[in-house]
Each structure stands twice: as structure tokens, then as C-alpha cells.
Amino acid sequence: MSVTLRNHIGGKETDANASSTLPVMNPATGEQIASVPLSSAKDVDTAVRAAAAAFPGWSGTPIKERVQVFYRYKALLERDMASLSELVTRENGKTLSEAKAEVEKSIEVTEFACSMPQLIAGEVLEVSRGVECRIDRHPVGVVACITPFNFPAMVPNWTIPNALVLGNTMVLKPSEFVPLSAMRIAALLQEAGLPDGVFNVVHGGQEVVEALCDHPGIEALSFVGSTRVAKLVYQRATAHLKRAVCLGGAKNHLIVLPDAHEEMTASNVAASMSGCAGQRCMAASAMVAVGGVDHIIRRLCDEARAIVPGKNLGAVISKQAKERIERYITEAEREGATILVDGRNAVVAGKEGGYYVGPTVIDNVRPDMKIAREEVFGPVLAIMRAKTVDEAIAIENANPYGNAASVFTQNGGLARYVAERASAGMI
Ligand code: NAD
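Note that this is a predicted model, so its numbers are computed, not measured. (Residues numbered from 1 in each chain as written. Predicted model: local features only at pLDDT ≥ 70, side-chain atom pairs only at ≥ 80, totals over all residues. Heavy atoms only, no water.)

For this particular structure, what's the right way to read the pairing of strand 14 (residues 284–290)?
A regular strand places its side chains so that they alternate between the two faces of the sheet. A large share of strand 14 lies buried, amounting to seven of its seven residues. Read from strand 13 (residues 252–256) through helix 10 (residues 262–274) to strand 14, the crossover connection turns out right-handed. Taken together, the five bridges between strand 14 and strand 17 (residues 380–386) define a ladder with parallel strand orientation. Looking at strand 17, one finds that methionine 287 is bridged to isoleucine 383. (Buried < 20%, exposed > 50% of the residue type's maximum accessible area, 1.4 Å probe, protein only. Helix = DSSP H or I, 4+ residues; strand = E, 2+ residues; numbered from the N terminus. Right-handed = clockwise from strand over helix to strand, strands pointing away. Pairing = 2+ DSSP bridges.)

Written out as C-alpha cells, the structure reads:
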């Protein structure tokens, strides 16, 4: 029997004022593992009040003492690495080693946050004779954190240790697809000695997010998710003059030049397109093949065929995601692209209800095709052909997304040439 989750408010598990619940599925099997409440604006208000009540005590605690909680939290993440990774795999569908890697990243961010007492040392400037300006850092108050499904432990932990060590208190709204890891994080923070109310979890979807954007008690907000929702959240939160950091989706281009190392390029690209079943904002989703690189593409296809759903490839998050990804492949085929490796209709023996898409490599994609323009978020690589480096750079520059771009070459000058001209934020 699957449990219905409760919110975590003021250190206690609290029933949500929810009009409905959603099933939480194990994507690897298609079985329901829990139900998550779609909480209301009233639940958000209760959580913000609890966080506001905890703020004076927590922000008034010296940072050297606040940081001690996070040294203990790090030790608890290490202690529970195996069970937390299993939970991430269970609700997200990624492989156990991928889940473990994201718990390791959560630990790294916590280590970074533990160095905050040194990092936030202020500055003093003598601006005039006898006049001194000081820069000190102060917590802003209650902050909100809204997270996506693809990293149930790591993405919440991008914000939690940093924001809380700095003395803020928080309301987390995890993705409704993966709410279980957030509850485990709440339990670990409590065990680490975090005072009640400093960290709260409200489950739900759009209504909760909108209430967080609108609530006058929220001072700042961090969002990670799709570009469409990032824009909505950014506009809504900043309309209330809140500070907002909103990270959106991606289309990462890999430019492969003819002198690229065949084996290294093929295995790197195959791993990048298929890791976390392509559900990573840093996944390779578009390759721009410059000139005669057919030998690399052949080898890449061999590498992709060795990546097997249910073995070294996890499931995608939902039945709808599987259908959406397969529609992109079918549409590309209809538009004239060539499917070199076809991951449609993947079935894993013993897990027939799971949502699997095999690695898919598509050649002869044109930049105007939907599969080249939009974020697919599955283990699918679209290969576009270019005659020159400049043509490849122009393809990358024309795409509206800009998370990361890479260049594969053994020529340092060309690598620099591309790095200086690619438009993505990370090269
Ligand atoms: P999503 O945008 O659907 O959901 C993100 C959050 O917003 C969830 O908590 C969800 O409940 C909420 N939400 C959904 N629709 C909403 C609406 N209409 N109004 C208000 N809130 C809403 O994203 P997802 O599918 O969970 O995650 C995948 C996306 O996240 C991909 O686009 C991926 O590239 C992106 N992502 C980006 C980064 C980054 O660092 N840039 C990192 C991880 C994921």
C-alpha cells in the first residue's frame, strides 16, 4: 500500500489542505510507490509563517554555530549514502550509480557551504578621510526553493546548505514527481540539529509555486526547471520585487571537428547523451559534425548500441515523457532525418511497465527541425552536418538555448576559436 505524503512544517509532518493527490510512480517499473498532496496557498502561508518565526533565532545564531549543523548533515548524507541513493533511483528511475553520484554532489555542496564563514568575510573600504564603508553579508529572511524532477537530491542541495548556513530560513517545493527524497533530506536536517521551522517542505504543483511567488513573507526565490516555467516564475516573483534566480532548460551543442580523437569523442558523446537517460540540463543533445567525421559517428553508434535500458541506462520519468521523446524521434524521421540507432519501443524484461527509451542517434538533422530547436530531455542525439567550423558555430549561436557547448578537436587553436565564439554560458 502506498503512503500519502505530508508536508514538513515547523519540524512536524502536517496534513496538507489539498483538494487532490497525485500518484508517485517508480519509473523503472511503472508501479505506484506513494501519493503526493497538491497543497494549497493556505499550506504555503502556514509554512512561511513557521519559517518566519524561526528566522530571528536562526539568523541570530553565530555562523560558526550554524555551520556545525551542516558538518553533521554532511556526515549523515555519507552515513545514508546507500539508502538515499536507492530512494533517488526508486522515485526518479535513474541507475543506482547515477543516484549515488548526485548524493556525492550534495555532499560537495554541503562542504562548500561549511566554508562559508571564511567566504563571507566582509570588506572595509576607506572612502574618505575618517570615513569607512563596511560590506557585511546578512541573511535576507525566508527564501523559497523550487526544484525539478531530474535530480531529487542534488538540485535541492544546491540551495539548502548555502541558504541556511547564511542564516536564511526556507520553504522547499520539490517536484511532485520525486517528493520522497525531499522528506528524507528534511529528516536528516532535523537529525543534524537544525531548529524546527528553519527548513520546511510543501508538496504540490503550480498553485504552491504561484503562492510562493506572491507571498509577501518570501524575500528571495530560487527555481530550477524548464524554460517555460522559469520565465513564469521569474516574472511573477520579480513583479513582487523578490530576488529571483531562475535556471531553465538547455540544448547543448557538441561541435566535432575532423581531427577529433575517435575513441574519446565517441565514448564521451555516447555517455553524455545517455547519462541519466538524457534528463540532464548538461546532456549532449545536439552534435554538429564538421566535414569528414563519419568514422567517429560510426563508432559513436557502436557505443550507443552498448548502452542497454534497464542495465546501464535508467528509465525516463513518466509514461508521458516516454511518449513525448518517441514523438520527437518519429517527427524527425518524417521530416527527413536518418535514424541511425533507434531507441523507440524499448522494453526491459521483468520491468515491462517501466518507462524506457533506448539511446537514439539521428543523423542529417536540419537546424530548423523541431528536434534541433527544442529540448527533448531524453537519450537522443541529433546530428547536424556543417562544412566549416564557422558554419557549426553559426548553428550553435542561432539556437535559443544556451547552457553548455563543447568542441572536440586536437587543435588547441581551433578549440580556443570555438570557445570564444560559442554563445552558451559554459564552454
Ligand atoms: P518543470 O519546469 O516542469 O518543473 C519544475 C518545477 O516547477 C516543479 O517543482 C514543478 O512542480 C513546477 N511547475 C511546473 N509547472 C508549473 C507552472 N505552470 N507554474 C508554476 N510551477 C510549475 O521542470 P521539470 O520537468 O521538473 O525538470 C526538467 C527541466 O529542468 C528541464 O528543462 C531541464 O533542462 C531543467 N533543468 C535545468 C537545470 C539548470 O541548471 N539549468 C538543472 C536541472 C534541470
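Is there a simple way to think about helix 8 (residues 206–214) in this case?
Every α-helix carries 3.6 residues per turn, so stepping three or four residues along brings you back to the same face. All buried positions along helix 8 are accounted for by Val208, Val209, Ala211, Leu212 and Cys213. Elements in contact with the buried residues of helix 8: helix 1 (41–59), strand 8 (142–146), strand 9 (169–173), strand 11 (218–224) and helix 9 (227–239). (Contact = heavy atoms within 4.5 Å.)

Looking at this structure, I do not really get empty space enclosed by the protein. What am I missing?
It is a probe the size of a water molecule, rolled over the atoms, that shows where empty space is left. For the structure on display, the rule yields two cavities of 30 Å³ or more. If you add up the space inside the largest cavity, you get close to 80 Å³. Tallied by class, the residues present in the lining of the largest cavity amount to six nonpolar, four polar and three charged. Taken as a whole, the second largest cavity spans an internal volume of roughly 60 Å³. Around the second largest cavity, the lining residues are His8, Gly11, Ala186, Leu189, Gln190, Leu194, Pro195, Asp196, Gly197 and Phe199. With three residues, helix 7 (residues 180–191) is the single largest residue contributor to the lining of the second largest cavity. Here the lining of the second largest cavity is composed, by residue class, of five nonpolar, four polar and one charged. (1 Å grid on protein atoms, 1.4 Å probe; cavity = no way out; pocket = protein on both sides within 12 Å on 5 of 7 lines; lining within 4 Å. Points joined across faces, edges and corners; volume = space filled by probe spheres on them. Nonpolar A, V, L, I, M, F, W, Y, C, P; charged D, E, K, R; others polar.)

Would you mind going over the side chain of threonine 360 with me for this structure?
With respect to the secondary-structure elements, threonine 360 resides in strand 16 (residues 360–363). Classification of threonine 360 by relative accessible area gives buried; the value is 0%. Of note is the side chain of threonine 360, whose polar atom sits 3.1 Å from the backbone oxygen of glycine 358. Setting aside anything within four residues of it in sequence, one finds threonine 360 in contact with Met273, Ile329, Ile339, Val341, Asp342, Gly343, Pro379, Val380 and Leu381. (Polar contact = N/O pair within 3.5 Å; in protein donor to acceptor, adjacent residues only side chain to side chain.)

Looking at this structure, I do not really get the site of the ligand. What am I missing?
The environment of the ligand is made up of 23 residues, and the closest members are Thr147, Lys173, Glu176, Ser226 and Glu375. Between the ligand and phenylalanine 149, the relevant distance is 3.1 Å, taken from an oxygen atom to a main-chain nitrogen or oxygen of the residue. Burial of the ligand by the surrounding chains reaches 88%, relative to a free accessible area of 850 Å². Put simply, the ligand lies in the largest pocket. Listed by contribution, the elements that provide at least two residues to the shell around the ligand are helix 8 and strand 11. (Near = heavy atom within 4 Å. Areas by Shrake-Rupley, 256 points an atom, 1.4 Å probe, with all protein chains shown as cover. Sits in = over half its atoms within 2 Å of the grid points.)

Help me understand a nonpolar patch on the surface in this model?
Together, Leu125, Val127 and Val131 line one region of the surface with nonpolar side chains, adding up to about 250 Å² of accessible area. Topologically, valine 131 is positioned in strand 7 (residues 131–135). Judged by its relative accessible area of 39%, valine 131 is partly exposed. (Patch = residues over 30% accessible without salt bridge, like charges linked within 9 Å, V, L, I, M, F, W, Y side chains within 5 Å. Salt bridge = Lys/Arg side-chain N within 4 Å of Asp/Glu carboxyl O.)

Looking at this structure, how should I read the environment of asparagine 168?
By the secondary structure assignment, asparagine 168 is in the loop between helix 6 (154–165) and strand 9. Expressed as a C-alpha distance, the spacing of asparagine 168 and glycine 402, which sit 234 residues apart in the sequence, is 31 Å. Not counting chain neighbours up to four residues away, the residues in contact with asparagine 168 comprise Phe55, Trp58, Pro139, Val140, Gly141, Val143, Ala163 and Val198. From its side chain, asparagine 168 meets the backbone nitrogen of valine 140 in a polar contact 2.7 Å long. A distance of 2.9 Å separates a polar side-chain atom of asparagine 168 from the backbone oxygen of alanine 163.

By themselves, these observations are geometric and do not establish any function.
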